[in-house]
Amino acid sequence: QLQASGGGLVQAGGSLRLSCAASGRTLSSYSMAWFRQAPGKEREFVAALKRGAPKPYYADAVKGRFTLSRDNAKNTVYLQMNSLKPEDTAVYYCAADQGIITSTVRTTSAYDYWGQGTLVTVSS
């Protein structure tokens, strides 16, 4: 089970750190990702750390502002979000899967396990 937390209301230019904690699974053996879904829009890829890959993947919209990291000792994945913009407003979901390959790392349907989502609201 994945538990996402850390969302909230922040002004544009501010920062938030999202956490995704796992129970019953060892996250180091999974590829991990964050997706987001804004009202009226489809869920979209934000960032991912593919198992065995040296660096995370990022969507162009967040590159340079968001940082995905993993703490294996805490079995938790983080998404540090800086320089937030109103267009970052969405429900953020963490996801995990053991079968991710490079061509599917940004694909929503490739991930089998999902957290419940945490709402991020960025005011202008």
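Right above here is the structure, for reference.
Residues numbered from 1 in each chain as written. Predicted model: local features only at pLDDT ≥ 70, side-chain atom pairs only at ≥ 80, totals over all residues. Heavy atoms only, no water.

A. The arrangement of the sheet that holds strand β8 (residues 76-81) in detail. What the four strands build is an open sheet, ordered β1-β3-β8-β7; its pairing is antiparallel. Looking along the sheet, the strands with just one partner apiece sit at the ends: β1 (2-5) and β7 (66-71). The sheet shows a mean angle of 15° between the axes of neighbouring strands, direction not considered. Judged from the six bridges that link them, β7 and β8 form a sheet pairing that is antiparallel. Within β8, the position partnered with Thr67 by the bridge is Gln80. (Pairing = 2+ DSSP bridges. Helix = DSSP H or I, 4+ residues; strand = E, 2+ residues; numbered from the N terminus. Axes fitted to C-alpha atoms, helices over the stretch in contact; angles between N-to-C directions.)

B. Here's a closer look at the nonpolar core. Formed by 40 residues in total, the largest nonpolar core has its most connected members in Trp34, Leu79, Met81, Tyr92 and Tyr111. Discounting residues that sit within four places of it in the chain, Met81 has contacts with Gly14, Ser15, Leu16, Leu18, Arg65, Phe66, Tyr92 and Val120. (Core = buried A, V, L, I, M, F, W, Y, C linked by side-chain atoms within 4.5 Å. Buried < 20%, exposed > 50% of the residue type's maximum accessible area, 1.4 Å probe, protein only. Contact = heavy atoms within 4.5 Å.)

C. Focus on the packing of aromatic side chains. One pass over the structure, following the stated rule, counts six aromatic pairs. Where Tyr111 meets Trp114, the ring centres are 6.4 Å apart and the plane angle is 70°; that geometry is what we call edge-to-face. A residue is classified by how much of its surface remains accessible, and Tyr111, at 4% relative accessible area, is buried. Three or more aromatic residues joined by ring pairs make a cluster, and in this case those are Phe35, Phe45, Tyr93, Tyr111 and Trp114. The lysine or arginine in question, Arg43, covers the ring of Tyr93, its NZ or CZ lying 3.7 Å from the ring centre. Over the ring of Trp114 we find Arg43, and its NZ or CZ is 4.9 Å from the ring centre. (Phe/Tyr/Trp six-rings, centres within 6.5 Å; stacked < 30°, edge-to-face > 60°. Lys NZ or Arg CZ within 6 Å of the ring centre and 35° of its normal.)

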